[in-house]
Amino acid sequence: MPEQLIASFDIETTNLKADFGVLLVVCIKPWGEAVQTYREDAYPRVRRSRNPEMLKTVIEELNKYSILIAHNGVRFDRPYLNTLALLEGLSIEVNPAGKIIDPLPLAWRHLSFSSNSLRVLSEWLGTTAQTAGTPTAAAVADTANGEVAATLEATSEAQSARFDWNNQRNIN
């Protein structure tokens, strides 16, 4: 059996709809490795709202993995990136032959918390250290069958980069 490459990822945007929003940052954390951060402000701008070079780089990196883990990745992250690719005329999509594991629908199905945010789930499962209310440690959240793992490090990096990006915008 070929080696299964696993990574978690998270995106931060300015809007929930790809045709109106800007992709600010994408963080990818390969299993057992450091977080890779792709920031919109690190690439030359083609148009105010889109950056096809960053998008292509991110999708190509995500497609190296046979399994991706993303909290709300099935309903938001993957469709958002695929829509941007379509708008840019790129003939690529996120992980078309691979698998995306999304802890959010698993939480909806197996748990009944007042919130199913990644932060709340990891607190209840005891899988994260907290610093100023932000998840910072890589965490493994076991589901009922014990097969799904999710990391918080990519989410934390993406949120920090989005905060930095917003602060730079307000200063300039």
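First things first, this report covers the structure right here in the doc.

Thresholds applied
Each chain has its residues counted from 1, following the order in which its sequence is written. Predicted model: local features are reported for residues with pLDDT of at least 70 only, side-chain atom pairs are reported and counted for 80 or more only, and whole-chain, interface and lining totals are derived from all residues. Note that water and hydrogens are dropped before the side-chain values are worked out from all heavy atoms of the structure. At least two bridges found by DSSP between two strands are what make those strands a pair. Helix and strand definitions here come from DSSP, where helices need a minimum of 4 consecutive H or I residues and strands a minimum of 2 consecutive E residues; each element is numbered from the N-terminal end. Axes, fitted as lines to C-alpha atoms, cover a helix only where it is in contact. Angles between the N-to-C directions of the axes lie from 0 to 180 degrees. Contacts are assigned to residue pairs with any non-hydrogen atoms lying within 4.5 Å of each other. Think of it in three bands: with a 1.4 Å probe and only protein chains considered, a residue is buried below 20% of the maximum accessible area for its type, exposed above 50%, and partly exposed in between.

1. Quick notes on the sheet that holds strand 1 (residues 6-13)
Here we have five strands laid out as an open sheet, ordered 3-2-1-4-5, and mixed in their pairing. In this open sheet, the two edge strands, each paired with only one partner strand, are strand 3 (36-39) and strand 5 (99-101). Strand-to-strand twist across the sheet, computed as the mean angle between neighbouring axes with direction ignored, equals 25 degrees. In terms of strand pairing, strand 1 meets strand 2 (residues 23-30) through seven bridges, oriented antiparallel. Its bridge partner being in strand 2, S8 is matched across the sheet by K29. Lying over the sheet, helix 2 (residues 73-87) contacts strand 1, strand 2 and strand 5, oriented at roughly 75 degrees with respect to strand 1.

2. A word on the environment of A70
Relative to the helices and strands, A70 resides in the loop between strand 4 (67-69) and helix 2. In this structure A70 comes out as buried when scored by relative accessible area, which is 1%. Considered as a pair, A70 and I11 are 59 residues apart in the sequence and their alpha carbons are 9.2 Å apart.

3. Quick notes on the environment of E53
Tracing the backbone shows E53 in helix 1 (residues 52-62). Separated by 13 residues in the primary sequence, E53 and E40 have C-alpha atoms spaced 9.7 Å apart.

4. What about helix 4 (residues 118-125)?
All buried positions along helix 4 are accounted for by L118, V120, L121 and S122. Two residues or fewer after helix 4 comes G126, characterised by a positive phi angle close to 65 degrees.

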